[in-house]
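An overview of the molecular structure
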Amino acid sequence: MADISGPIRIGIVGVGKIVRDQHLPAIAGNPDFKLVATASRHGTVEGVPSYTTIEAMLATEELDAVSLCMPPHVRYQAARAALEADKHVFLEKPPGATVSEVEDLKRLADAEGVTLFASWHSRYAPAVQAARAFLFENPPSSVAIVWKEDVRRWHPNQDWIWRAGGFGVFDPGINAMSIATHIIPVPFFVGEAVLDFPANRDAPIAAQINFTGAGDFKLTADFDWRQTGPQSWDIIAETPAGRLVLSSGGAKLAIDGRAVQDEPEREYPALYERFAGIVKAGQSDVDIAPLQHVADAFMLGRRRVVEPFFD
Ligand code: NAP
């Protein structure tokens with residue numbers, strides 16, 4: 001890969017909700033990047049050339065990097081094409097549909113000498129680093145994750161998310177797992193799980209998971225997509241130094257009821273800062289731990305059929 005002088009010329013693949021909500025403003029606000037083109041079957045971005053396939057974009061445009069923002073089940077082939085064309089690759093979460101394909105991309109990026117970034121946006125929520133520092137100093141005896149949101153509000157009419165490989169409630173649940181695997185200093189593993197599948201869908205609408213860990217450590221995760229009213233994105237840890245509550249998806253931190261941090265989120269600006277940093281340093285950042293836990297839950301989980309879901 002040639003050295004980059006000037007901004008990183010980037011192309012976006014899969015122009016949809018998250019691209020419009022987050023990627024475009026984050027790229028526009030970061031002088032280390034210049035958006036050069038998009039590749040999407042239908043979506044376009046005003047002012048830049050648009051292609052309907054990544055292959056056409058790679059063949060025509062001078063790019064240093066691509067951000068792959070389409071659903072996970074179609075990300076592997078695009079990532080492979082970009083890495084083989086010597087481009088640095090930013091993978092939206094989850095980084096792939098399976099652990100094996102992400103491992104393969106990791107190997108390929110190393111072989112090509114380019115950067116692969118498995119982005120986990122929730123890790124960049126403002127209070128996550130402070131929570132990590134506290135828990136590494138005060139290892140918890142137990143942790144409870146409560147991640148409950150209204151799928152109709154956050155994923156309206158997203159058909160892919162309900163198909164096999166679309167992750168269902170694990171699409172947000174993996175955000176919780178990305179924080180948990182970052183801030184909890186002890187190893188933990190799925191022990192048992194119950195996954196609730198609507199009778200008319202191939203992906204779960206809710207999941208309850210009990211993890212076991214080293215010694216007596218316990219972790220429970222309660223994911224539910226049927227939550228109306230206030231939404232819950234909380235991680236509660238019992239420690240010898242008090243109860244830690246990381247709430248609002250990692251934006252707020254309290255210890256024993258005392259607010260330690262409460263800041264506006266800037267996850268995507270921070271993600272692009274990180275991506276620019278690892279591109280310049282010639283490194284990759286691919287942690288598959290959150291994806292592995294989700295795969296384990298699908299592997300060990302008992303399946304329960306619940307009432308059909310209609311958007
Ligand atoms: P989306 O709007 O449904 O999908 C993004 C775009 O990908 C679509 O507009 C579509 O554009 C393209 N696409 C859809 N299905 C495809 C297929 N089968 N083959 C090729 N391209 C396809 O979804 P999103 O909410 O942006 O989510 C995309 C990714 O970002 C997911 O991995 C999700 O977990 C992650 N993410 C989403 C959010 C969120 O709040 N929505 C937050 C953080 C991360 P074309 O039709 O133009 O090809």
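For the structure, check the block above.
Right, let's walk through the structure included here. Values in this document were obtained by computation on a predicted structure and should not be read as measured data.

Glancing now at helix α8 (residues 267-281). Side chains of residues three or four places apart in an α-helix project in the same direction, reflecting 3.6 residues per turn. Taking 1.5 Å of rise per residue, 15 residues should cover 21 Å, and α8 covers 21 Å from first to last C-alpha, within 8% of that figure. For α8, the set of buried residues is Glu267, Tyr268, Ala270, Leu271, Tyr272, Phe275, Ala276, Ile278 and Val279. Looking at the buried residues of α8, the elements they touch are β1 (8-13), α1 (17-28), β2 (33-39), β4 (65-68), β5 (88-91) and β6 (116-118). Residue Gly282 follows α8 closely and has a positive phi angle near 70°.

As a structural note, the neighbourhood of the ligand is formed by 24 residues, with Ser40, His42, Gly43, Arg75 and Asp171 the closest of them. When isolated, the ligand has an accessible area of 870 Å², and the protein chains bury 82% of it. The residue makeup of the shell around the ligand, split by class, is ten nonpolar, eight polar and six charged.

Turning our attention to the sheet that holds β4. On the basis of which strands lie adjacent, the open sheet formed by six strands has the order β3-β2-β1-β4-β5-β6 and parallel pairing. Of all the strands in the sheet, the pair left with one neighbour each is β3 (50-51) and β6. In the sheet, β2 pairs with β3 via two bridges, with the strands oriented parallel. Bridging from a neighbouring strand, Ala39 pairs with Tyr51 of β3. Strand contacts of α1: β1, β2, β4 and β5, with the helix running at about 175° to β1, the strand carrying the most contacts. Sheet strands touched by α8: β1, β2, β4, β5 and β6. Its angle to β5, the strand with the most contacts, is close to 155°.

The final tally for this structure, using the stated rule, is 19 salt bridges. Measuring nitrogen to oxygen at the nearest pair gives 2.7 Å for the salt bridge that ties Glu238 to Arg243. Exposure remark for Glu238: the relative accessible area of 27% places this residue in the partly exposed category. Owing to a relative accessible area of 41%, Arg243 belongs among the partly exposed residues under this scheme. Each of Arg80, Glu84, Asp104 and Arg107 takes part in one network of salt bridges that share partners.

Applying the stated rule across the entire model yields 13 aromatic pairs. A centroid spacing of 5.4 Å and a plane angle of 90° characterise the contact between Phe90 and Phe275, whose relative ring orientation is edge-to-face. On the criterion of sequence distance, the pair formed by Phe90 in strand β5 and Phe275 in helix α8 is long-range, its members being 185 residues apart. Of the two residues, Phe90 and Phe275, neither departs from the other in class, the shared state being buried. Taking the centre distance of 5.1 Å and the plane angle of 50° together, the rings of Phe170 and Phe298 count as tilted. Placement of Phe170 in helix α7 (residues 170-183) and of Phe298 in helix α9 (residues 289-300) is noted, with a sequence separation of 128 residues between them. In this structure Phe170 comes out as buried when scored by relative accessible area, which is 0%. Given the relative accessible area of 36%, Phe298 is considered partly exposed. In textbook terms, an aromatic cluster arises when at least three aromatic residues are bridged by ring pairs, as seen for Phe33, Phe90, Phe117, Tyr272 and Phe275. Geometry around Phe136 places Arg132 over its ring, the cationic atom sitting 4.6 Å from the centre.

Our focus in this paragraph is the nonpolar core. Core analysis: the largest hydrophobic core is formed by 79 residues, its most contacted members being Leu68, Ile145, Phe170, Phe223 and Leu246. In terms of residue count, the dominant contributor to this core is α7 (seven residues). When neighbours within four sequence positions are excluded, Phe223 is seen to be in contact with Ile145, Trp147, Val169, Phe170, Gly173, Ala176, Met177, Ala206, Ala207 and Ile209.

Calculation notes
- Residues numbered from 1 in each chain as written.
- Predicted model: local features only at pLDDT ≥ 70, side-chain atom pairs only at ≥ 80, totals over all residues.
- Heavy atoms only, no water.
- Helix = DSSP H or I, 4+ residues; strand = E, 2+ residues; numbered from the N terminus.
- Expected span 1.5 Å × (residues − 1).
- Buried < 20%, exposed > 50% of the residue type's maximum accessible area, 1.4 Å probe, protein only.
- Contact = heavy atoms within 4.5 Å.
- Near = heavy atom within 4 Å.
- Areas by Shrake-Rupley, 256 points an atom, 1.4 Å probe, with all protein chains shown as cover.
- Nonpolar A, V, L, I, M, F, W, Y, C, P; charged D, E, K, R; others polar.
- Pairing = 2+ DSSP bridges.
- Axes fitted to C-alpha atoms, helices over the stretch in contact; angles between N-to-C directions.
- Salt bridge = Lys/Arg side-chain N within 4 Å of Asp/Glu carboxyl O.
- Phe/Tyr/Trp six-rings, centres within 6.5 Å; stacked < 30°, edge-to-face > 60°.
- Lys NZ or Arg CZ within 6 Å of the ring centre and 35° of its normal.
- Core = buried A, V, L, I, M, F, W, Y, C linked by side-chain atoms within 4.5 Å.

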